[in-house]
Amino acid sequence: MTGPTDTNGRTVASLRELPQSIEPARDLWPGIESQLTALPAQDSAQGAGPGYRRALRLRWLAAAAMLSCLAVGIWIGRSLLPGAAVGHLPPSTASRSTVPGLAPTALDAAYVSDPRYERQRRALVRALQERLAVLPPPARAKVTASLAAIEKAKKDLEGALGQDPGNALLQELLINTYQDEMRVLTDVHEASDSGRGI
Amino acid sequence: MVHAQAEETRVDWESALVQRARGGDRRAFERLYREHVGRVYGLCLRMTRDAQLAEDCTQDTFINAWRALGKFETRSSLSTWLHRIAVNVSLARRRKSGPVEPLPAEEQETAAEWTLETPVEVQELENAIGALPEGARDALVLHALYGYSHGEAARMLGIAEGTCKAQLHRARRLLRERLGMEVN
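Cut-off values and rules
- Residues numbered from 1 in each chain as written.
- Chains lettered and ligands numbered in written order.
- Predicted model: local features only at pLDDT ≥ 70, side-chain atom pairs only at ≥ 80, totals over all residues.
- pLDDT = per-residue confidence, 0-100.
- Helix = DSSP H or I, 4+ residues; strand = E, 2+ residues; numbered from the N terminus.
- Contact = placed C-beta atoms within 7 Å.
- Axes fitted to C-alpha atoms, helices over the stretch in contact; angles between N-to-C directions.
- Parallel < 35°, antiparallel > 145°, perpendicular 65-115°, else oblique.
- Left-handed = near helix turned anticlockwise from the far one by under 90°.
- Nonpolar A, V, L, I, M, F, W, Y, C, P; charged D, E, K, R; others polar.
- Buried ≥ 20, exposed ≤ 12 C-beta atoms within 10 Å, placed from the backbone.

Before going further, it helps to examine the confidence of the model for chain A. Residue and element names in this part refer to chain A. Confidence along chain A averages 65 in pLDDT terms, with 49% of residues attaining 70 or more. When mean pLDDT is compared element by element in chain A, helix α1 (residues 29-38) scores highest at 91, while helix α4 (residues 108-111) scores lowest at 44. Counting interchain partners and residues more than four positions distant, the pLDDT-below-50 stretch residues 41-55 has 22 contacts.

Written out as structure tokens, the structure is:
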């Protein structure tokens, strides 16, 4: 039997100390993948057992963030842009503290290092503050809640990345969340530029 | 606490990968493969004692896992589930090559720590385990190396729990003889 390759001369005092994991001498994935490709289509269509219905916490957070962005985008497009009244609301309510999604975090720099992105984001944030100031309270609440959901998803993902910094899936989801945030900000900004008003 | 959180996070994302793989995402399944191949191959290697056969068993394990992902309950351990498949695959491969040895019925194993009176080199111990009869080796590997209970190991191997304990007793006696020292 071929034993572990990195155990030369090492001694153990218990069977539990033997390595459970032994890497094969070659990468077996190409062979597995080629056989998966050859499987009939129905084999790869996985069924939905009881476990399938169980939601995954972080995945739900990311999904919630994306759905929030989508909902905000649709809502802005359908309800706000065509002709909502302007200027009848007190501007003082749109403080930065009401937009938790806009607070920069420690990991921003790690994942969003492009200075152009930062400049654009700052400009959009300023525009958003102006737009929020003139929004009807229900609309402002929806935008704020959506950005809060995005911010929470960012924080949770960053927390998870703190535990597992090399996780490519987490990084991907975090970048997606940044993009979702940018999409919301851009939607509001473009509405302002187009002169259609909110 | 931190370790528990890290483990919980890892398991959460493993579940996410399982969900994606169920939807046909091979990239997600490849990540699961990378995560678990070492433990699966280690088990197959110890059960088959043949590197080429262990590679074949490992491949079959993951192919069978892909086909059966819809039946996997995400609240249970993916590692244990893969091990069950690996044991089945390894036993099936071995059955093709020869009959399983009969077991002396009177031998019964009680709780054992599987510690050695004197430390030995890993390779020497691996060789001694590899030289055990198949049934005794299977029970020993699952129980003493991978930490499965007598009941879990017995279910994986498709044998009665008493039979599993007897195999462990036999494995201990043989190891004691081959290593020339006490196995407590």
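After that view, the rundown keeps rolling.
Right, let's talk about the packing of helix α2 (residues 26-48) of chain B against helix α3 (residues 51-68) of chain B for a bit. Residue and element names in this part refer to chain B. Remark: α2 packs on α3, axes separated minimally by 8 Å, with the N-to-C direction vectors making an angle of 135°. In terms of their interaxial angle, α2 and α3 are classed as oblique. In terms of crossing hand, the pair formed by α2 and α3 is right-handed. For the pair α2 and α3, contact is made by Phe29, Tyr33, Val37, Val40, Tyr41, Cys44, Leu45 and Thr48 and by Ala51, Leu53, Ala54, Cys57, Thr58, Thr61, Phe62 and Trp66, respectively. For the contact of α2 with α3, the residue count by class is 13 nonpolar, three polar and no charged.

Let us now look at unusual backbone geometry. All names here are of chain B. You will see that Arg49, though not glycine, has its phi angle at about 60°, which is positive. Within the fold, Arg49 resides in the loop between α2 and α3. Assessed through the 19 C-beta atoms surrounding it within 10 Å, Arg49 is described here as partly exposed.

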